[in-house]
Amino acid sequence: MRRVLIVLVPLIALFGCTLAKVQVNVVSERTALENQVLGSYNSLNREVLTVASVRGVDPLGRIEEPPRTSGEQEEVNTALETIAFHADDLDAFKRLGWVGENNEGLLASFPMDKDNAPESLGEFAARYKEDEFKYVVGQINDAREKVMRRVIQINESFTQDDLPKIRRVFGDLNRENASSGDRVQAEDGAWTVKP
């Protein structure tokens, strides 16, 4: 028995008492303001999903009234739908270099250079007229403005005076979420292409 213990004790010590090596990498740290804005923005997105997922018929087959929403809530729901509706066009505009993410959370327009469009976007670029392009960019910017203002309305710690800070947070988020090759405006106002 003693021989067994002499063999087992070192084995247990060798294999049974190892400490796991834990490696923690911090990818990014958000400020308290960014976390508040993101929380409010995510709340708006949940509202849209809730409204979209409500059934119109009860279990007995009777039509149910949709839940009531405020005018402001409906306005921001429409704004989020507008942003989602134009997401593909916006992606193409960015790949063509026609728009960039400014440092205030909005899109900035650049000249529509159709001659240097990549082959994959040539047909798309050829069919877009300048007035239509400006209209779509205007709709997206208007929708983004409504979302930013709604973030202030639903978060009791924000006032209208905080709008410039909210704009910067959205600018940072849009810059962070931009794809490689997209035009982005730094906090100091300089335009670059995201690597």
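Below you will find a few notes about this structure. (Residues numbered from 1 in each chain as written. Predicted model: local features only at pLDDT ≥ 70, side-chain atom pairs only at ≥ 80, totals over all residues. Heavy atoms only, no water.)

1. Describing the overall build of the chain
At step 1: Of the regular secondary structure elements, the chain holds seven helices and four strands.
At step 2: Mapped from its N terminus to its C terminus, the chain presents α and β elements in the order α-α-α-α-β-β-α-α-α-β-β.
At step 3: A buried classification covers 35% of the 195 residues belonging to the chain.
At step 4: The contacts in the chain between residues at least 6 apart in sequence include a share of 58% that link residues at least 24 apart.
At step 5: Accessible surface, the chain as shown: approximately 13,300 Å² in total, 53% of it carbon and sulfur. (Helix = DSSP H or I, 4+ residues; strand = E, 2+ residues; numbered from the N terminus. Buried < 20%, exposed > 50% of the residue type's maximum accessible area, 1.4 Å probe, protein only. Contact = heavy atoms within 4.5 Å. Areas by Shrake-Rupley, 256 points an atom, 1.4 Å probe, with all protein chains shown as cover.)

2. Quick word on the side chain of Asn103
At step 1: Position of Asn103 among the secondary structure elements: in the loop between strand E1 (99-101) and strand E2 (107-109).
At step 2: Accessibility expressed as a relative area gives 15% for Asn103, which makes it buried.
At step 3: In terms of polar contacts, Asn103 uses its side chain to reach the backbone carbonyl oxygen of Ala186, at 3.1 Å.
At step 4: Not counting chain neighbours up to four residues away, the residues in contact with Asn103 comprise Arg167, Arg168, Gly171, Arg175, Gln185, Ala186, Glu187 and Gly189. (Polar contact = N/O pair within 3.5 Å; in protein donor to acceptor, adjacent residues only side chain to side chain.)

3. A word on the packing of aromatic side chains
At step 1: Summed over the entire model, instances satisfying the criterion amount to seven aromatic pairs.
At step 2: Between Phe93 and Phe133, the aromatic rings sit 4.9 Å apart at their centres with planes inclined by 80 degrees, giving edge-to-face as the arrangement. On the criterion of sequence distance, the pair formed by Phe93 in helix H4 (residues 87-96) and Phe133 in helix H6 (residues 130-154) is long-range, its members being 40 residues apart.
At step 3: Given the relative accessible area of 2%, Phe133 is considered buried.
At step 4: Both rings, one in Trp98 and one in Phe133, keep their centres 5.5 Å apart while their planes meet at 80 degrees; by these two values the pair is edge-to-face. Here Phe133 lies in helix H6 and Trp98 lies in the loop between H4 and E1, a separation of 35 residues in the sequence. For the residue pair Trp98 and Phe133, the accessibility class agrees, reading buried in each case.
At step 5: By the ring-pair criterion, three or more aromatic residues cluster together here, those being Phe93, Trp98, Phe124, Tyr128 and Phe133.
At step 6: Above the plane of the ring of Phe110 lies Arg183, whose end atom (NZ or CZ) is 4.1 Å from the centre. (Phe/Tyr/Trp six-rings, centres within 6.5 Å; stacked < 30°, edge-to-face > 60°. Lys NZ or Arg CZ within 6 Å of the ring centre and 35° of its normal.)

4. Comments concerning the pattern of salt bridges
At step 1: Within this structure, the stated rule accounts for ten salt bridges.
At step 2: Among the ionic pairs, Glu145 bridges to Arg149, the shortest N-O distance being 3.8 Å. Of the two residues, Glu145 and Arg149 are both situated in helix H6; the distance of four residues between them amounts to about one turn of the helix.
At step 3: Residue Glu145 is classed as buried on the basis of its relative accessible area of 16%.
At step 4: Sharing partners across several salt bridges, the network here consists of Lys94, Glu101 and Arg144. (Salt bridge = Lys/Arg side-chain N within 4 Å of Asp/Glu carboxyl O.)

5. Some points on the nonpolar core
For soluble globular proteins, nonpolar side chains are generally found buried alongside one another.
At step 1: Among the nonpolar cores identified, the biggest contains 17 residues, and Phe93, Leu96, Trp98, Val99, Tyr128 and Phe133 are the most heavily contacted of them.
At step 2: Counting residues per element, the ones that place at least two in this core are H4, helix H5 (122-127) and H6.
At step 3: In this structure, Ala143, Ile152, Phe158 and Ile166 belong to the second largest nonpolar core, which totals 13 residues. (Core = buried A, V, L, I, M, F, W, Y, C linked by side-chain atoms within 4.5 Å.)

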